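Coordinate inspection notes
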Amino acid sequence: MAAVVGWLTNWLAIQMSFYPVQFIGVGLVGWQGVIPRKAEKMAHICIDRILQQCGDLNAVYQKLEPQRIVEQVVSQVTPRMEAGPLGQSTPVSEESDLPVGTGAIAVPGGGAGRGLWR
């Protein structure tokens, strides 16, 4: 029985840490997950620590690998764009390989990602 109670309290603690994402309640009576509630503060701490280690924002940008960032974004976005809304196929323009009618913007200097950095 003790194991069940222990497991249940651990499960509840994890659920209360992450859920709900938005505050649920009336006035001051309610609940929001601890991590979503503190997300902004955690983000500020991360940024401050990165800037302390690197010196300034320009140094951070110099350490970025733009081509890897572009490849990662394209690999994540392309399947979703091909699926389209509700899993429908999205037509692609032959000229630019950009989906037609999705509001995609061609990047000066060529295909996806070229011309974004440096």
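Residues numbered from 1 in each chain as written. Predicted model: local features only at pLDDT ≥ 70, side-chain atom pairs only at ≥ 80, totals over all residues. Heavy atoms only, no water.

1. Considering the overall build of the protein
Of regular secondary structure, the protein possesses five helices and two strands. Each helix (α) and strand (β) of the protein, taken in turn from the N terminus, gives the series α-β-β-α-α-α-α. Each of the 118 residues in the protein was classed as buried or not, and the buried ones make up 8%. When contacts within the protein are restricted to residue pairs at least 6 apart in sequence, long-range pairs at least 24 apart make up 15% of them. For the protein, the exposed area adds up to about 10,000 Å²; of that, 63% sits on carbon and sulfur atoms. (Helix = DSSP H or I, 4+ residues; strand = E, 2+ residues; numbered from the N terminus. Buried < 20%, exposed > 50% of the residue type's maximum accessible area, 1.4 Å probe, protein only. Contact = heavy atoms within 4.5 Å. Areas by Shrake-Rupley, 256 points an atom, 1.4 Å probe, with all protein chains shown as cover.)

2. Here's the deal with the confidence of the model for the protein
For the protein, mean pLDDT is 76; residues scoring 70 or higher make up 70% of the total. Taken as a whole, residues 101-118 scores under 50 in pLDDT and shows 22 contacts with residues more than four places along the chain or in a different chain. (pLDDT = per-residue confidence, 0-100.)

3. With respect to the pattern of salt bridges
Using the criterion set out here, one finds one salt bridge in the structure. A salt bridge links Arg68 to Glu65; its shortest N-O distance comes to 3.7 Å. The exposure class of Glu65 is partly exposed, given its relative accessible area of 43%. (Salt bridge = Lys/Arg side-chain N within 4 Å of Asp/Glu carboxyl O.)

4. Regarding unusual backbone geometry
Cis rather than trans, the peptide bond between Tyr19 and Pro20 has omega equal to -5°. Within the element layout of this structure, Pro20 appears in the loop between helix H1 (2-18) and strand E1 (24-26).

5. Side note on helix H5 (residues 66-83)
Compared with an ideal rise of 1.5 Å per residue, which puts 18 residues at 26 Å, H5 spans 26 Å between its outermost C-alpha atoms and is within 8% of the ideal. At Val77, H5 is bent by approximately 30°, the largest bend along its length, and proline Pro79 sits one to four residues beyond. (Expected span 1.5 Å × (residues − 1). Bend = angle between axes of the 7 residues up to and from the residue.)

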